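Each chain is listed here by its residues.
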Amino acid sequence: MKIQILKNIFILGLLLFGVCAQAQRVSGTVSDANGPMPGASIIVKGTTNGTTTNFDGQYTLENVAANAVLQVTFVGYGSKEVSVAGKSVVDVVLIEESDVLEQVVVVGYGVKKKSLVTGAIGSLDSKEIENSSSPRVEQVLQGRVSGVTVVSSSGSPGSGAKVRIRGAGSNGNSDPLYIVDGMKVNSMDNIAPSDIANIEVLKDAASSAIYGTEGANGVVIITTKQGKIGEQVVSFSTSLGSQSVNTKMELMNAGQFVKYMNEAGEATVVDNGIDTDWIDETFNNAFVQRYDISFSGATEKMSYYLSGSYLNQDGTVGNDNNYKRYTTRLNLKSDVKEWLEVGTNVTYTNIGNSPISEDDSFRSPINSMLLIDPLTPVIYTGALPPRAVEGVANGTAMTDSNGNVYGYPTYSNGEVINPVASSNYLYRGGIDTDKILISVYAKLKLYEGLHFTSRLGYERSNTFDARWTPIYFVTSEEQNSQVTLRDNLSRNSRWLWENFVDYTKQIGEHNVTALLGYSAEKIKNPYYSLQGSEVAQESEEFAYFDFTNRDNDRIGGSIYQKNMNSVFGRISYDYAGKYLLEGSLRYDSSSVFPKSNKGGTFPAVSAGWVISKEDFWNYDGAVDYLKLRASWGQNGSDANLAGNGDIQVFRTVDGSTPVVYQGITGVTPGDLANPSLTWERSEQTNIGVDLRALNGRLNFGADWYNKTTRDLIIPNGNIIAPPSLGQTVGAINGGTIKNTGLEFEIGWGDTTSGDFSYDINFNISTLKNEVTEVIVPAPLIGAGSPSNGDGITRFEEGYPVWYFYGYKTAGIDPATGAPIYVETDGNPGITANDKTMIGSPQPDLIYGGNIALGYKNFDFNVMLQGVAGNEIIAAYHQPSRPLTNKPVNWYTDRWTQVGDNASMPGAAHAIDAYQSDLVVEDGAYMRVKQLQLGYTFDNDILEKAHLKKLRLYISMDNYFTFTKFSGLDPEAGSFSDNSVGVDRGFYPIPREVMFGLSVDF
C-alpha cells in the first residue's frame, strides 16, 4: 500500500514537472527591415493569451506551452506564425505587405479586395496624401487618378475646385457625390487632408449605382484615420511657405498704350510720364502656414484618433484677402462585446474668409487690372490732381492705410478702377462658417458571417456672410454714395439614417457576399438675405442694421428641402477568386420630384475573369496577374432641381416689386407647374483590364467607357414657352449628353540592393464630350459677356457642353486691318447667324504623373499634371470701354499699314475681335504640381531623442507651368458650371515654396 502511494506521488510529480517544463516564459523582439516595431500584436494560437510589443519592439508572454505557436500581426504587414519549439526567446521579423491585390478598397457600404473588384475604381492611400501639401481634398486628387479632371475655381485662399469624373455629365451641376466615413456631405472644405487614411473614386456606373439618384457623376469616398494597436502615437506636422504669382502674361506698357490708342483715333491719350505695371502692382507675396497634430492608439478592444488642424492662408491680391480654417476631429471605435462593435466620427470646423470680388467681367480687381491704362499711378506721390482734391474734400476718395490717395484712372472709365485701391479699400467684413459632421454606428454580429449595421449621421453648417461697402466715387458707374450693408445667412443641415445587413458565405471554392439595406435622409437649407444703408459712420463698429435707415432695409429668403427614402441591395459571387460576378439594385424616392415620378430604380451588373488563375496560364511567365472586367449600370441625379416643380405657386412680389392693383395687394402666378419632370439618368458601359507583371514591379490598368446622360434638367423652362403663354415655366427635362473615353494607368517600382528605390506612375485619359439631343431647336445660352451679347457659351446638339460661341475668322484683312469673319450659315453677308463654335473648354486629353525616388534617408517626389485639347476664351474685354489696356501681343502682332500680314487687327478694329476666335487661345498646359525633397532621420538618432519618426522637407508647389496660353493662368476655372474656360480675369493659382516638418512621438 505504501509502495503504491509512493508510485502515485512519483507519477504526479513527473506530470507536474512536465507541466512546469511546458508552461514557460517566452520573450523576444518583433522588427521589420527598418528596426523594432512597437505595437505589434502577439497571441498564442488557439488561446486568449496575448500581448503587444513596447516602444522597443519587445514583448513577454507567460505560461506558454513548449509546443505553442505564436501568431504575430501588424497593420500593413503580412501576418506570421512561429513555433515556440521549447525556446524562451523567439524573435520575429515581419515583411511589409507588398501585394496590392490583397489590399482592400472601400466600396459603397463595405470593402473589397482589389483582386475581386469588377468596377472602375481609383485609389489614393495615406502616403500619397501625406506627401501632398495641398490644403484641399479636391486639389489632392488633381492628376493622381485617371479619368478625373480637377479644375480650380480660383487661386484665392481656401478656394476649391470643380471635380469632373469622366467629363461633364450635365448642363448644370456635375459634381460627384462625396462620402466621408459613410456619411454624405455637401462639401469638402472642412476635411483636413492630414486626417485622411484613403480615398476611393468610383468611376463607372456599376461601382456607384449603389448610391442611386446621387451617383450619376461618380462618387468620392473618403475614409479618415483610426488608431492602430500599440502605444499611443503623437504626430505633429507643420508647413510654412511663401506664395507668389508667376505668369507669362504681359500688358501694354505706357508707350505702347499711347501709340495704340492714337492709332485707334484716340488722340487725347498722351504720355504723362507714368508707366505702371499693373500685374506687378496688383499681386503680392503672401504667407501660408498649416499645423496638424493628432493623438492615436488602440488596444484589442478599442481604438481612438483625436486631431486638430489649423490653416492660415493669405491671398496674393489685396492686404486683407485671407482664409483661416480650424478643424477638430475625434474617431472612436470599440468592440463592446464579441458580437457588438460601436463607433463614432465627429468633426467640427470653423472657417473665416475675407474674399474679394472675382470671376466677374465688370467689377473684380483682376478684371480692372487687365483693363486700366498704365498711365494711372497706384497712389499719388506729389500734388493731387483736381479730381483727387475734390474726392478728398467730399470724402469719396479711396486712401491707403497711410492716408495716401489711390490714383484715379487717367483714361479708362466706366467700371474700370484702380485694382490696388479696389482690393484694399472696398471689401469690408467677411464670411464666418461653422460646420459639424457627426456619425455614429453600431455593428452587430448576428451569426457567423452575418452582420447588421445601423448608422446615423448629421451634418450642419451655419454661414454668416456680413460685408459692407464704404462711400467712394470714381465714376458714375463705379460709386457708392452711402454706406451699404449686405448680410446673407444660410443654414444647411442633413441627417442620414442607414441600416444594412451583410452576409458572407464560403462553400468550398464558392464565395458569396450579399448586402441589403434601407436609408432615409432629410436636407433642409434655409437662406436669408438682408440689405440696408445710410449708416452714420464708416467703421466696423457701425456695420450693423441697428444703425441703418429703416426705410432702406430689405429682407428676403428662401428654403430648399429634400426628403428621400431608399432601398438597396448587392450580391457578389466569385469562384476561387477566378470568376467574378456582381449585381446591385437601388430604389430611391425623392420629394423634389412630382408625385408621378418620385421613385427611380437604378440597376447595375459587373463581371470579371482572372485569366492568370486558369490552369493553362504560364506560371513562369512575366505576367503575374491578369484580369478582364466589364460593367453596365444606371445612376441618377437630382442636383439641378430645386424641388416643388409640380406645384403651382403664387407670390406677392414680382421680382422686387410688390403686386398691387388699385391699392390692393394681390398675387401673381409663379412658374408653371411641370408634373412630368423626371430624373436625370446616366447609363454607362465599362470594359477594363488589370495587369501586374515582373514580380509586381510593373502595374498596368486600362478602361474604355461609354456614358450617356438623358433627361437633363434645365432649371429655366422658358425656352419652350411661347410669348402667348403669359406665364413663366420652371424646370423641364431637355437634353442628352454622351461622354466616351479611354483611361490608362501604368506604374513601375522597385528597390535595389544599394538602398535606392523608385516608384514611377503615370495616367492618361481621353475624353469626347458631346450634346446629342436638345428638345428645342434653339440652343441654350449660358455665360454672358460684355463682348458678346448673344452669350459666350452655349449648349447645343452636336457640340461639346457649353462650347464657346462667336465668329470664326480667316485672318486679318491686309487692306483695312479688320478681322475677316467667316460665313457659316450659307447665306451671303456676315450676320449674327454666322456665329458658331469657336472653341471648347472640354479637354480631349487629361494626364498626370508621379515620380518618387529614395536613397537611404532621402526621398524626392515629382508630381505632374496637365490637359490638352481645350481652349480658353477672354471675356474681360469691354466694347463699351475703348480706352482700356490689352495684352501686349495685341500691340506687337497688330496690323499697322496696308499690305501687313498680321495676326491681330489694327487698333481701330480691336472691338471687332472681341466676339471672335481672336480672343480664344489653346488652353493646354503641363504643370509641375510638386517638387519635394525630404530627409528622414535614422532610427538610432530617433531612439536617443525618444522619437518614432522625424522628417524634414522642402517643397515647390505649382512652381513651373508649360503652356502656350498667354493669359494669367491656363487653369482658368470658374465658380459657374457654364463658365469653365471663360477668363474674366482669373485669380491665378499661386506658386509656393514650402518648408515642412513631420514628427511622431
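In this section: the confidence of the model for the chain. On average, residues of the chain score 89 in pLDDT, and 94% of them are at 70 or above. Here helix H1 (residues 2-22) stands out as the least confident element of the chain, with mean pLDDT 42; helix H5 (residues 254-263) is the most confident, with 98. Low pLDDT (under 50) marks residues 5-21, which in the prediction has zero contacts with non-local residues, meaning those over four places away or in another chain.

Residue position: Ser 682 is located in strand E39 (residues 680-693). What makes Ser 682 buried here is its relative accessible area of 0%. With near-sequence residues (within four places) excluded, Ser 682 lies in contact with Ala 216, Gly 633, Gln 634, Asn 635, Lys 707, Thr 708 and Thr 709.

What follows covers the pattern of salt bridges. Summed over all chains, the structure comprises 41 salt bridges. Among the ionic pairs, Arg 164 bridges to Asp 977, the shortest N-O distance being 3.0 Å. Here Asp 977 lies in the loop between strand E57 (949-963) and strand E58 (982-983) and Arg 164 lies in strand E13 (residues 161-165), a separation of 813 residues in the sequence. Salt bridges sharing common partners tie together Lys 184, Glu 214, Glu 459, Arg 494, Glu 521, Lys 562 and Asp 638.

Next up on the list: the sheet that holds strand E48 (residues 803-806). Ordered by their spatial adjacency, four strands build an open sheet running E46-E47-E48-E51, and the pairing between neighbours is antiparallel. Each end of this open sheet is capped by a strand with a single partner; those strands are strand E46 (780-781) and strand E51 (836-839). Two strands pair when backbone bridges link them, and E48 and E51 are joined in this way by three bridges, in the antiparallel orientation. What sits directly across from Phe 804, in E51, is Gly 839.

Quick look at the packing of aromatic side chains now. The geometry of an aromatic ring pair comes down to the distance between the two centres and the angle between the two planes. Taken as a whole, this structure holds 18 aromatic pairs when the rule is applied. Judged by centre distance (5.4 Å) and plane angle (65°), the ring pair of Tyr 109 and Phe 500 falls under edge-to-face. Highlighted residues: Tyr 109 in the loop between strand E9 (104-107) and strand E10 (110-113) and Phe 500 in strand E27 (residues 484-507), separated in sequence by 391 residues. Assessed through its relative accessible area of 5%, Phe 500 is described here as buried. Here Tyr 575 and Tyr 579 contribute two aromatic rings whose centre-to-centre distance is 6.2 Å and whose plane-to-plane angle is 10°, an arrangement assigned as stacked. Tyr 579 sits in the partly exposed class, given a relative accessible area of 34%. Every member of this aromatic cluster is reached through a ring pair, and the members are Tyr 109, Tyr 211, Phe 500 and Phe 568. Taking NZ or CZ as reference, Arg 927 lies 5.6 Å from the ring centre of Tyr 925, over its face.

The rules behind these values
Residues numbered from 1 in each chain as written. Predicted model: local features only at pLDDT ≥ 70, side-chain atom pairs only at ≥ 80, totals over all residues. Heavy atoms only, no water. pLDDT = per-residue confidence, 0-100. Helix = DSSP H or I, 4+ residues; strand = E, 2+ residues; numbered from the N terminus. Contact = heavy atoms within 4.5 Å. Buried < 20%, exposed > 50% of the residue type's maximum accessible area, 1.4 Å probe, protein only. Salt bridge = Lys/Arg side-chain N within 4 Å of Asp/Glu carboxyl O. Pairing = 2+ DSSP bridges. Phe/Tyr/Trp six-rings, centres within 6.5 Å; stacked < 30°, edge-to-face > 60°. Lys NZ or Arg CZ within 6 Å of the ring centre and 35° of its normal.

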